[in-house]
Amino acid sequence: MMDKSRDPLVSFYMTVRNGLPFLPGSIESIRKQTYSNWEAVIVDDGSFDNTLEYLREVEKIDPRFRVIATDGVGRGKALNMAIESARGEYVANLDSDDLSHPQRLEVQVSILLATKCSLLYSETSYIHDDDDIEWPHLSQPISHHVEDVSMDLMKRNPVSHISVICQRSAIIEVGFYSEVRKSQLDYELWFRLVKNGVALQRTSYCLAAKRIHTAQSFENKKRIKYLFSSMLLQNKIISEIDGGIRYRPYPFLRFIYGLLPQKLRVRRTR
């Protein structure tokens, strides 16, 4: 358990709306972390299933979890409420249907303290619907090698949101997540962080699993709108980072790629 006499070094942050049936798996992946100095701040953004009742039970059982309930303020505002409430120097994202490797924080904290980087993310596996994942044990010593992928923002969103750990102060300094955008909130935040001098650092460890299922908005009837919004944002990033003409084809190519069937775009990991 976390030492209540000191603030946690890391705060998990999560937003959820009607998160069942996948939410308990996400919560357990947090609770099973081998690194112990963490808390978790979860914003229930107007659920009308039994999500909030479940979270209140988790909060009673494990004091490391803090739950904030809203009537539905929107994704950006809910993310910002979680970060504002967080006590950790670092904040680590996880979505309510995804999973963290048990050694995720152990590895990420080791790298952060060794390299002094402000933002770190990892490789991510993909699981589908009710699939689970068998995590390999990561042996010591932990490799502290990282790669700066900041300029890849002009080609795509290279950062796996669910694997990100970042200095809380860096996010606050650039004005938090956008509360206006309906999608690509993470991509737009990385752009502002890079403009403010934060490098996007990647570790080759695979520390998160993204669950693909039909209830996700970017895989249903809103996908065209999502892809178009992404293309506009990418064009803005290319212009403001001054990437030049060689990056101009990427937004259109990504739009076309995004129209392919899901089974051709996302690999299954077992």
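Residues numbered from 1 in each chain as written. Predicted model: local features only at pLDDT ≥ 70, side-chain atom pairs only at ≥ 80, totals over all residues. Heavy atoms only, no water.

**Q** What is the right way to look at helix H6 (residues 185-195) in this model?
**A** An α-helix turns once per 3.6 residues; consequently, residues spaced three or four apart project the same way. With 10 of its 11 residues buried, H6 lies for the most part within the structure. All of the buried residues along H6 are Leu-185, Asp-186, Tyr-187, Glu-188, Leu-189, Trp-190, Phe-191, Arg-192, Leu-193 and Val-194. The secondary structure elements touched by the buried residues of H6 are helix H3 (75-85), strand S6 (119-128), helix H5 (168-173), strand S9 (200-212), helix H7 (223-241) and helix H8 (249-258). Just past H6, the residue Gly-197 takes up positive phi, approximately 95°. (Buried < 20%, exposed > 50% of the residue type's maximum accessible area, 1.4 Å probe, protein only. Helix = DSSP H or I, 4+ residues; strand = E, 2+ residues; numbered from the N terminus. Contact = heavy atoms within 4.5 Å.)

**Q** Please clarify how H3 should be interpreted in this entry.
**A** For H3, the full list of buried residues reads Gly-76, Ala-78, Leu-79, Asn-80, Met-81, Ala-82 and Ile-83. Turning to H3, the residues buried within the fold contact strand S1 (10-16), strand S2 (38-45), strand S3 (65-70), strand S4 (90-93), H5 and H6.

**Q** Is there a simple way to explain the side chain of Arg-211 in this structure?
**A** Following the sequence through the fold, Arg-211 ends up in strand S9. Although Arg-211 is buried, it makes no salt bridge; Asp-130 carries the closest opposite charge, 5.5 Å away. Within the local environment of Arg-211, its side chain forms a polar contact with the backbone oxygen of Asp-129, the two atoms lying 2.6 Å apart. Looking at Arg-211, its side chain comes within polar contact range of the main-chain oxygen of Asp-131, at 2.8 Å. (Lys, Arg positive; Asp, Glu negative; His and termini not counted. Salt bridge = Lys/Arg side-chain N within 4 Å of Asp/Glu carboxyl O. Polar contact = N/O pair within 3.5 Å; in protein donor to acceptor, adjacent residues only side chain to side chain.)

**Q** Looking at this structure, I do not really get the pattern of salt bridges. What am I missing?
**A** It is possible for side chains of opposite charge to pair when their charged atoms get near one another. With the rule as written, the count across this model stands at 16 salt bridges. As a salt-bridge pair, Arg-31 and Asp-62 come within 3.3 Å of each other at their nearest N and O atoms. Here the residue Arg-31 occupies a position in helix H1 (residues 23-31), and Asp-62 occupies one in the loop between helix H2 (51-61) and S3, the gap between them amounting to 31 residues. One connected set of salt bridges, linked through shared partners, spans Asp-7, Glu-39, Arg-66 and Arg-87.

**Q** Sorry if this is basic, but what is going on with the side chain of Asp-44 here?
**A** With respect to the helices, strands and loops of the structure, Asp-44 is situated in strand S2. Although Asp-44 lies buried, it forms no salt bridge, and the closest oppositely charged side chain, Arg-17, sits 7.0 Å away as judged by the N-O distance. Apart from residues lying up to four places away in sequence, Asp-44 is in contact with Val-16, Thr-51, Leu-52, Leu-55, Ile-68, Ala-69 and Thr-70.

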